[in-house]
Amino acid sequence: MVDSLDELTELATTAGAAVVGRGMQKLEAPHPGTYIGAGKAEELARECRELGADTVLFDDELSGAQARNLEELFGCKVMDRTALILDIFGQRARTREGKLQVELAQLQYLMPRLTRYWTHLSRQRGSTGSIGGEGESQLESDRRKTQERIEKIRDELLIVRKQRTTQRAGRQRHQWPLASIVGYTNAGKSTLLNALTGAEVLAADMLFATLDPTTRRLRLPSNQNVLLSDTVGFIRKLPHGLVEAFKATLEEVVEAELLIHVVDSSHPQCAQQIEAVNSVLSEIGAMEKPVLMVFNKVDKQGAREAAELLCQQFPKAVAVSSREKIGFDTLFAELGAMLKPIRDFVEVRIPHGEQKAISRLHALGQIVEQDYSGPEAWFRVRIPPYVRHEFERFVLPEN
Ligand SMILES: Nc1nc2c(ncn2[C@@H]2O[C@H](COP(=O)(O)OP(=O)(O)OP(=O)(O)O)[C@@H](O)[C@H]2O)c(=O)[nH]1
Ligand SMILES: [Mg+2]
């Protein structure tokens, strides 16, 4: 728990706040009205006054009513972990798509919390202005406007995404396998991409430095080509709405043939971080993909030993330092070995009537030879392993 508060402190600092105090309470279940117990709430209220705090952050999600009651008790702004993460994403978003996705997640978070008394987000957003007893009609109009804005963003996102899909079609033409770099925020994903490909993605000691995906080609010493894409980092208790809103950005991960899971092996909680990443991966349906575990930052004190222990627990794992470019030879070798099966060609025979399968094959596979003249269409093709089951019944036995 303390570690989770350490992380909350880091999140707060990232958002631009200075932390002046912290508190904790063990409860069987959260108090429905105030999340924490009455005595604890008073103790914290006193502390807030003494320290001159203007905001209180909670590590878990609060209901609108809880936040409202706590604001009254503390006499200052109350935010939960989700709101804080949304705030950071709001500060970081650069591209049109990123900004729209964050706004969508923010509005969806706000919607059920729009009550006459819930003030901070509406105040912060400066748009709705339903502060204090202004009556139901104001509240209803706020809800309607929010709903309208949500729908407008959804429409805009569809357009923006269509453009991005067209760009991605360009990549498919090249037919290089895609490896997606995933990992906990601050694990060193961008540093790794930069070190491997000379990309210039911002890499910084802060949470969620990267929001938008960047893809670069890497040519391995074995002459194999692979596309590497770096994207938003994950975190424990990542707001579900945010994962939803970022589904399109995370498509890079879902579509990848291979995942490179970067771990900060110098972090005392790296095991929990791996779990948190895996749980987001399963939420977006990317858990089944082959994974290369990359235990990073081995140049840091004690990290080499930790990384070596971790390497033993995973079938495919390497220890590296992205900053010092240590361990890259092994990384290249493992990556190349994992790409090999992706590069294997097969022969398939598909009845002309199976149009859907034929067009799927054209979309997903790399066709090197084809012949439509026989009673069935014939192809020599490279099929990414994760979709191979779709075509299994057409694959001809190797001779
Ligand atoms: N010592 C050391 N520091 C590293 C290494 N790799 C990354 N870092 C540092 O770790 C911090 C985070 O690196 P990033 O590459 O921005 O991490 P990220 O995973 O892309 O993080 P987000 O985009 O914020 O999720 C930066 O300060 C890096 O300089 C490494 O191998 N050794
Ligand atoms: Mg990054």
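Residues numbered from 1 in each chain as written. Chains lettered and ligands numbered in written order. Predicted model: local features only at pLDDT ≥ 70, side-chain atom pairs only at ≥ 80, totals over all residues. Heavy atoms only, no water.

*Asks:* Sorry if this is basic, but what is going on with the coordination of the magnesium ion (ligand 2) here?
*Replies:* When a metal carries six donors in an octahedron, the ideal angles between them are 90 or 180 degrees, while four donors in a tetrahedron ideally lie at 109.5 degrees. Listed as protein donors to the magnesium ion (ligand 2) are S190 (OG) and T210 (OG1); their distances from the metal cover 2.0 to 2.1 Å. Of the two residues, S190 is situated in helix α8 (residues 189-197) and T210 in the loop between α8 and β4 (214-219); the sequence distance between them amounts to 20 residues. Residue T210 is classed as buried on the basis of its relative accessible area, which comes to 11%. (Donors = N, O, S within 2.8 Å, 3.2 Å for Na, K, Ca; no water. Helix = DSSP H or I, 4+ residues; strand = E, 2+ residues; numbered from the N terminus. Buried < 20%, exposed > 50% of the residue type's maximum accessible area, 1.4 Å probe, protein only.)

*Asks:* Please clarify how the sheet that holds strand β11 (residues 376-382) should be interpreted in this entry.
*Replies:* Strands in a sheet are paired, the pairing made by backbone hydrogen bonds, and the direction either parallel or antiparallel. Judged by pairing direction, the sheet is antiparallel, and its three strands sit side by side in the order β9-β11-β10 without closing on themselves. With one partner strand each, in any of the chains shown, β9 (345-351) and β10 (366-371) form the two edges of the open sheet. The average angle at which neighbouring strand axes cross in this sheet is 25°, direction not considered. Note: β9 against β11, seven bridges, orientation antiparallel. (Pairing = 2+ DSSP bridges. Axes fitted to C-alpha atoms, helices over the stretch in contact; angles between N-to-C directions.)

*Asks:* Looking at this structure, I do not really get the pairing of strand β2 (residues 77-80). What am I missing?
*Replies:* Put simply, side chains in a regular strand alternate between the two faces of the sheet. Sheet topology note: the strand β1 (residues 55-58)/β2 ladder contains four bridges and is parallel. Its bridge partner lying in β2, F58 is registered against D80. Following the backbone out of β1, through helix α3 (residues 64-74) and into the adjacent parallel β2, one traces a crossover that is right-handed. (Right-handed = clockwise from strand over helix to strand, strands pointing away.)

*Asks:* In this structure, what is going on with the pattern of salt bridges? I would like to understand it.
*Replies:* If charged atoms from side chains of opposite charge come close, those side chains can pair. The full count for this structure, using the stated rule, is 19 salt bridges. A salt bridge links R113 to E61, with the nearest nitrogen and oxygen atoms 3.2 Å apart. Residue R113 is located in the loop between α5 (96-110) and α6 (120-125), and its partner E61 is located in the loop between β1 and α3; the two are separated by 52 residues in the primary sequence. Taking the relative accessible area as the measure of exposure, R113 reaches 8% and is therefore buried. A relative accessible area of 45% means that E61 is categorised as partly exposed. A salt bridge links R161 to E97; the shortest N-O distance between them is 3.4 Å. (Salt bridge = Lys/Arg side-chain N within 4 Å of Asp/Glu carboxyl O.)

*Asks:* Where do I start with helix α14 (residues 355-364) in this structure?
*Replies:* Owing to its 3.6 residues per turn, the α-helix brings residues three or four apart onto one side. Looking at α14, one finds that the buried residues are A357, I358, L361 and L364. Around the axis of α14, the buried residues are gathered within 145° of arc, so they sit on the same side. The outward face of α14, more than 90 degrees from its buried face, is lined by the exposed residues Q355 and K356. In this fold, the buried residues of α14 make contact with β9, β10, β11 and α15 (388-391). (Arc of directions from axis to C-beta. Contact = heavy atoms within 4.5 Å.)

*Asks:* Just checking my understanding: could you explain the side chain of K189 for this structure?
*Replies:* Turning to its location among the elements, K189 is positioned in helix α8. Summary of buried charges: K189 has no salt-bridge partner, and the nearest side chain of opposite charge, D230, is 5.5 Å away. Not counting residues within four places of it along the chain, the set of residues in contact with K189 comprises I181, V182, G183, Y184, D230, T231, V232, G233 and V262. (Lys, Arg positive; Asp, Glu negative; His and termini not counted.)

*Asks:* Would you mind showing me how to read the nonpolar core here?
*Replies:* Proteins that are soluble and globular tend to have nonpolar side chains buried together. Of all hydrophobic cores here, the largest spans 41 residues; its most connected members are L11, F89, F208, F246 and L281. Those elements that provide at least two residues to this core are α1 (2-15), α4 (81-92), α5, β3 (178-183), α9 (240-245) and α11 (270-283). Here this core takes six residues from α4, the largest share from any one element. Ignoring anything within four residues of it in the chain, the contact list for L11 reads R81, L84, I85, I88, L207, F208 and I235. (Core = buried A, V, L, I, M, F, W, Y, C linked by side-chain atoms within 4.5 Å.)

*Asks:* Help me understand the site of ligand 1, please; the structure alone is not making it clear to me.
*Replies:* Near ligand 1 you find 23 residues, and of these K189, T191, A209, T210 and D299 are the closest. Within the side chain of T191, a nitrogen or oxygen atom sits 2.5 Å from an oxygen atom of ligand 1. Side-chain polar atom of N296 to a nitrogen atom of ligand 1: 3.2 Å apart, as the coordinates give it. Relative to its free-state accessible area of 650 Å², ligand 1 is covered by the protein chains to the extent of 94%. If you tally residues by element for the shell around ligand 1, the top one is α8, at three residues. Each residue belonging to the shell around ligand 1 can be placed in one class, and the counts come to seven nonpolar, 10 polar and six charged. (Near = heavy atom within 4 Å. Polar contact = N/O pair within 3.5 Å; in protein donor to acceptor, adjacent residues only side chain to side chain. Areas by Shrake-Rupley, 256 points an atom, 1.4 Å probe, with all protein chains shown as cover. Nonpolar A, V, L, I, M, F, W, Y, C, P; charged D, E, K, R; others polar.)

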